[in-house]
Amino acid sequence: MNTPEFIVKASDNSRFDTAESDYMYGAYMTYEEAYAKCEEIVEDFLMSNKTEGMSAEELYHHYISFGEEPYIVSVDGSECLPFPAINYAKEQVKLICQK
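Residues numbered from 1 in each chain as written. Predicted model: local features only at pLDDT ≥ 70, side-chain atom pairs only at ≥ 80, totals over all residues. Heavy atoms only, no water.

(A) Just the pattern of salt bridges, in detail. On inspection of all chains with the given rule, the structure shows one salt bridge. Across the salt bridge formed by glutamate 40 and lysine 37, the nearest N and O atoms sit 3.0 Å from each other. In this pair, glutamate 40 and lysine 37 are both assigned in helix 1 (residues 31-49), three residues apart and thus about one turn of the helix distant. Taking relative accessible area as the criterion, lysine 37 reaches 17% and is therefore assigned buried. (Salt bridge = Lys/Arg side-chain N within 4 Å of Asp/Glu carboxyl O. Helix = DSSP H or I, 4+ residues; strand = E, 2+ residues; numbered from the N terminus. Buried < 20%, exposed > 50% of the residue type's maximum accessible area, 1.4 Å probe, protein only.)

Following this line, the structure appears as structure tokens:
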């Protein structure tokens, strides 16, 4: 039986706690699956927090103030793998706000 290799966690941008308070979203077999989950976390926040007439800049600032910043760690905890949440959010707000 295959075991997951990667865990997706998220830090709450509105809190300044330690990593122990981060929320765990789940375990994934591949890095690609974990990365896709990180994208989904950012996109879900942006879509559910966009209001009529909100600019991309306003939505981005709302995300960096209140959104969750996902990241990926190996199951054994030996390595933290990159997910550019802030950059991804910056790209996504432009797409979301032009709709």
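The structure having been displayed, the exposition proceeds.
(B) Representation of the nonpolar core in the model. Among the nonpolar cores identified, the biggest contains 21 residues, and Val8, Val42, Leu46, Tyr63 and Ile72 are the most heavily contacted of them. For this core, the secondary-structure elements that each account for two or more residues are strand 1 (6-12), helix 1, helix 2 (56-66) and helix 3 (85-97). The element contributing the most residues to this core is helix 1, with six residues. Once residues lying within four places of it in the same chain are set aside, the contact partners of isoleucine 72 are Phe6, Ile7, Val8, Tyr31, Ala34, Tyr35, Cys38, Glu79, Cys80, Leu81 and Pro82. (Core = buried A, V, L, I, M, F, W, Y, C linked by side-chain atoms within 4.5 Å. Contact = heavy atoms within 4.5 Å.)

(C) Just the packing of aromatic side chains, in detail. Evaluated as defined, the whole model comprises six aromatic pairs. Their ring planes at 70° and their centres at 5.9 Å tell us that phenylalanine 6 and tyrosine 31 sit as a pair that is edge-to-face. Highlighted residues: phenylalanine 6 in strand 1 and tyrosine 31 in helix 1, separated in sequence by 25 residues. By relative accessible area, phenylalanine 6 is classed as buried at 17%. (Phe/Tyr/Trp six-rings, centres within 6.5 Å; stacked < 30°, edge-to-face > 60°.)

(D) Structural detail: the pairing of strand 1. Here strand 1 runs beside strand 2 (residues 23-28); their pairing, made up of five bridges, is antiparallel. Bridged to phenylalanine 6 within strand 2 is tyrosine 28. The sheet contact formed by strand 1 and strand 3 (residues 68-74) spans seven bridges and is antiparallel. By the bridge assignment for strand 3, valine 8 is matched with isoleucine 72. (Pairing = 2+ DSSP bridges.)

(E) Quick peek at helix 2. All buried positions along helix 2 are accounted for by Leu59, Tyr60 and Tyr63. Viewed along the axis of helix 2, the buried residues span an arc of 100°, placing them on a single side of the element. If you follow the buried residues of helix 2, they end up packed against helix 1, strand 3 and helix 3. (Arc of directions from axis to C-beta.)

It is worth stressing that arrangement in space is one thing and function is another; only the former is reported here.
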